[in-house]
Every structure is written in C-alpha cells, then in structure tokens.
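A look at the structure
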Amino acid sequence: MSWGVLVGGQGSNLRAILDSGLPVAWVVSHRPGVRALDVARAAGVGTTVLDPRDYRDRAEYDRALVRVLRAHGVRRVAMAGFLRWLEPATIAAFDGQIINIHPSLLPSFPGLHAVEQAYRHGVRWTGVTVHAVDEGQDTGPIIAQIPVPCLPGDTLETLTERIHRAEHRLYPRVLAAIDRGLVELANGAVIWKGDYPQWNDGLYSASAINPD
Ligand code: GRF
C-alpha cells in the first residue's frame, strides 16, 4: 500500500525508509530547501513543498496536504521530521494511519529538542518511540519503543548520533510491520498480530546492549 512521508529536516529517517524498500509514493516537506528533499529526489521519489507561510491557517494547510497526498495515491503516512501538528480531519482522512517517530521514550520528553531535554535532565536511558498520530503533541498510542543508553562521557552530539542509529533501525521495521498487516491501528488502539516480543528482542539487543 502506498506511503507518503512527511519531512522537514535532514532526511536521515527518510533515507532509511527508502532503503528498506517500503513503497513510498510521495514526499512532502513543510520547509523548502531541506536535505530530505534531496534524499527523495535521489531515490526518484516525487516531492512537494508546502510552506505554512503560504496558507491562512492550519486547516487550509492541512487541506492542501491531504489533496497532495491523495493525488499521489497515498494511503498511509509516515512523519519523519515534519514538525507540525495535524488537524483531526487530516488524521481521519487517512483513517488514523499516520505514524510518527520521536527521539525519546514517550511520554518522557515530548515536543521539540527531545534528545537535548533528556540529556540535560541527566537520564541514564532514553530511546526512540514510534507512535500513531493523534491531535496531541506526541501523545498518540505507542506502537514500538527501544531504549538507548546515555553513556558516561556522552556529549549531546554522541547521544544524538546513537539515537539516530536506533531510529534508523526501528522505524523501517515498524512501518514494514504495519505495511504487512502485522500491526493494526484502529480507534486509537494498537493491535500487534505478529510476533512482537521476538521481533523487539532483536532490536533491543542490537540497539541497547550493543549501542554502537
Ligand atoms: C528525528 O530525530 C525524528 O525523531 C524527529 O525529527 C528528526 C528527523 O530527522 N521527529 P531526519 O530528518 O530524519 O534526519
């Protein structure tokens, strides 16, 4: 089933998603000129920039977003660095099949600069969360998480790097599981139909026990 990816930054998660072979039909960025757009183009995937400054309000912006995605046959949406809240009507338009990745173990450290928030707080463990999107800020039902340690001597940069590596392992796997129908998102509930524990153990040992 065709996916749309919403971006706005470096595009490292987009690259991991494209490398995984997920059927990505279109990429939308809320920022012009970002590297994520180059990542899409290099993979031969079409892009649209929807700059919020060109729209009166969030409702008008989101209507344009839904139009673009629908025009390219998108049925499910993955957010990867798209720093905007979505209108309830937008989430409904995709039947709740909108997924986001967040660089902390939610519900800790929602919002912007999550890695920095966790680092400054002095946590020993943080991590990565993939969740379904709802109207709140990083509040939707959690689909999968992996822990990432904050090691002695870590700087914000080394921790950020480790978090990104965990993101790139986790996100494509979760999206593939959804794509194959191993996870169902219905009415705010996440139903795993596949072998979640075994699947997650592999990631856990890959990311947490051997963080590098
Ligand atoms: C990632 O850390 C993701 O968790 C957050 O935004 C960042 C996007 O990075 N939502 P990239 O553009 O995928 O490199």
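Everything discussed here concerns the structure shown above.
Since this is a predicted model, take the numbers as computed values, not measurements.

About the thresholds
Residues numbered from 1 in each chain as written. Predicted model: local features only at pLDDT ≥ 70, side-chain atom pairs only at ≥ 80, totals over all residues. Heavy atoms only, no water. 1 Å grid on protein atoms, 1.4 Å probe; cavity = no way out; pocket = protein on both sides within 12 Å on 5 of 7 lines; lining within 4 Å. Points joined across faces, edges and corners; volume = space filled by probe spheres on them. Helix = DSSP H or I, 4+ residues; strand = E, 2+ residues; numbered from the N terminus. Nonpolar A, V, L, I, M, F, W, Y, C, P; charged D, E, K, R; others polar. Axes fitted to C-alpha atoms, helices over the stretch in contact; angles between N-to-C directions. Parallel < 35°, antiparallel > 145°, perpendicular 65-115°, else oblique. Left-handed = near helix turned anticlockwise from the far one by under 90°. Contact = heavy atoms within 4.5 Å. Near = heavy atom within 4 Å. Polar contact = N/O pair within 3.5 Å; in protein donor to acceptor, adjacent residues only side chain to side chain. Areas by Shrake-Rupley, 256 points an atom, 1.4 Å probe, with all protein chains shown as cover. Sits in = over half its atoms within 2 Å of the grid points. Buried < 20%, exposed > 50% of the residue type's maximum accessible area, 1.4 Å probe, protein only. Pairing = 2+ DSSP bridges. Right-handed = clockwise from strand over helix to strand, strands pointing away.

**What to know about the layout of surface pockets**
By volume, the largest pocket is sized at about 1,000 Å³. The wall of the largest pocket is formed by 40 residues, among which Gly81, Leu83, Ile101, Pro103 and Leu112 lie closest to the centre. Considering each element in turn, the lining of the largest pocket owes the most residues, 6 residues, to helix H6 (residues 156-179). Asp95, Gly96, Leu185, Asn187 and Gly188 are the residues nearest the centre of the second largest pocket, which is lined by 20 residues in total. Of all elements in the fold, only strand E8 (183-186) and strand E9 (189-192) reach the threshold of two or more residues within the lining of the second largest pocket. For the lining of the second largest pocket, the leading source of residues is E8, giving 4 residues. Taken together, the residues that form the lining of the second largest pocket break down as 10 nonpolar, 5 polar and 5 charged.

**Re the packing of helix H5 (residues 114-121) against H6**
It is at 10 Å that the axes of H5 and H6 come closest, and there the two elements cross at 125 degrees. Looking at the two axes, H5 sits oblique to H6. H6 is crossed by H5, and the crossing has right-handed handedness. Across the interface between the two elements, Val115, Glu116, Tyr119 and Arg120 of H5 pack against Leu156, Leu159, Thr160 and Ile163 of H6. Taken together, the residues of the contact of H5 with H6 sort by class into 5 nonpolar, 1 polar and 2 charged.

**Focus: the site of the ligand**
Around the ligand, the neighbouring residues are Gly9, Gln10, Gly11, Ser12, Asn13, Gly81, Ile101, His102, Pro103, His164 and Glu167. In the model, an oxygen atom of the ligand is placed 2.5 Å from a nitrogen or oxygen of the Ser12 side chain. A distance of 2.9 Å separates an oxygen atom of the ligand from a polar atom in the backbone of Asn13. For the ligand, the protein covers 85% of the area, taking 370 Å² as the surface of the free molecule. Using a 2 Å cut-off from the grid points, one finds that the ligand occupies the largest pocket.

**Quick look at the pairing of strand E5 (residues 98-102)**
The two faces of a sheet get side chains in turn, since along a regular strand they alternate between them. Most of E5 is tucked away: 5 of the 5 residues are buried. With 3 bridges connecting them, strand E4 (residues 76-80) and E5 associate as parallel partners. Counted as the bridge partner of Val77 is Ile98 from E5. Between the parallel pair E4 and E5, the chain is carried across by helix H4 (residues 88-93), and the sense of this crossover is right-handed. Two elements, E5 and strand E6 (residues 125-132), share 4 bridges in a ladder whose sense is antiparallel. Within E6, the position partnered with Ile101 by the bridge is Val130.

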